[in-house]
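# Coordinate inspection notes
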Amino acid sequence: MLNKNGEKGEALLSSYLTKLGYECFSAPPRRFPDWDIKAITPDGKTVLVEVKLDVIGMFLKNRKGFNFYIEMFNTKQFEPSGIFKTKSEKYAYFFLMPDNTYRLYVFNTRELRNFLCENMTIPTTGNSIEGNAAGWLLPNTSLPQINHTLITLDREGNYVNSNTHYYNNDYIG
């Protein structure tokens, strides 16, 4: 089942994409590692999206920056999870900012997974909330090496012009 942060991130992304003309569908309300949102683009293309929302990462950042926690392994079931289980084409990662906006990073899932697997210097750790997973701590200093889109949204999923920078023109689809 989803947690409240997951539900909030999915609602934000669905709201944003709907305003862009996408039709959005949520994953089934059960354990479902394949994707979180199925988005149909205005031209009819289907895009599966994995959604993460981090409400403390930006508040805990240090002088060197902040980290994305990318789950990869379930330590209770002793099997791959997270980025290795998802069938999504896109990986959407939200950070709640101190000004109550959301910074949304959108990655191509395969490119992100390959980058993580190929860069042995990226540290791994367990998740401190549930204690059931291991994942990478991807530092924001790695972002220039990974193709991604950065979008700033308000608390309702509306686009905010300030501080928004696109590293490519590929929103979601």
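Residues numbered from 1 in each chain as written. Predicted model: local features only at pLDDT ≥ 70, side-chain atom pairs only at ≥ 80, totals over all residues. Heavy atoms only, no water.

To continue, consider the environment of Gly135. Topologically, Gly135 is positioned in strand S9 (residues 133-139). The buried category is assigned to Gly135, whose relative accessible area is 0%. For the pair Gly135 and Ile70, spaced 65 residues apart in sequence, the C-alpha separation works out to 5.1 Å. (Helix = DSSP H or I, 4+ residues; strand = E, 2+ residues; numbered from the N terminus. Buried < 20%, exposed > 50% of the residue type's maximum accessible area, 1.4 Å probe, protein only.)

So, about the confidence of the model for the protein chain. Looking at the protein chain as a whole, the pLDDT averages 86, with 85% of positions reaching at least 70. pLDDT under 50 marks residues 162-166. Its contacts with residues more than four places away, or in other chains, come to 13 contacts. (pLDDT = per-residue confidence, 0-100. Contact = heavy atoms within 4.5 Å.)

On to the sheet that holds strand S6 (residues 90-96). Strand order in the open sheet formed by six strands is S1-S2-S3-S6-S7-S10, and the pairing between neighbours is mixed. Of all strands in the sheet, those with a lone pairing partner are strand S1 (23-26) and strand S10 (148-153), marking the two edges. The average undirected angle you get between the axes of adjacent strands in this sheet is 25 degrees. Where S1 meets strand S2 (residues 37-40), four bridges bridge the pair, whose relative direction is antiparallel. (Pairing = 2+ DSSP bridges. Axes fitted to C-alpha atoms, helices over the stretch in contact; angles between N-to-C directions.)

With that settled, the discussion passes to helix H1 (residues 4-19). Structural remark: α-helix, 3.6 residues per turn; residues separated by three or four positions point the same way. If you check H1, its first and last C-alpha atoms are 23 Å apart, about what 16 residues at 1.5 Å a residue would give, namely 22 Å. Looking at H1, one finds that the buried residues are Gly6, Gly9, Glu10, Leu12, Leu13, Ser14, Tyr16 and Leu17. Where H1 is buried, its residues touch S1, S2, strand S3 (46-54), S6, strand S7 (102-108) and S10. Remark: Gly21 follows H1 within two positions and exhibits a positive phi of approximately 95 degrees. (Expected span 1.5 Å × (residues − 1).)

Whenever strands of a sheet pair, they do so through backbone hydrogen bonds, lying parallel or antiparallel. Spatial ordering of the open sheet is given by S5-S4-S9-S8, a layout of four strands whose pairing is antiparallel. The strands lining the two open edges of the sheet, one partner per strand, are strand S5 (79-80) and strand S8 (124-126). Packed on one face of the sheet, helix H2 (residues 109-118) meets strand S4 (67-74) and S9 and runs near 90 degrees to S9.

A separate point is the packing of aromatic side chains. Within this structure, the stated rule accounts for 13 aromatic pairs. Relative to Phe95, the ring of Phe68 has its centre 5.1 Å away and its plane inclined at 65 degrees; by these criteria the two rings are edge-to-face. With Phe68 in strand S4 and Phe95 in strand S6, the pair connects residues that are 27 residues apart, well separated along the chain. For Phe68, a relative accessible area of 0% translates into the label buried. On the basis of relative accessible area, Phe95 is assigned to the buried category, the value being 0%. An aromatic cluster is present here, built from Phe66, Phe68, Tyr93, Phe95, Tyr105 and Phe107 joined pairwise through their rings. (Phe/Tyr/Trp six-rings, centres within 6.5 Å; stacked < 30°, edge-to-face > 60°.)

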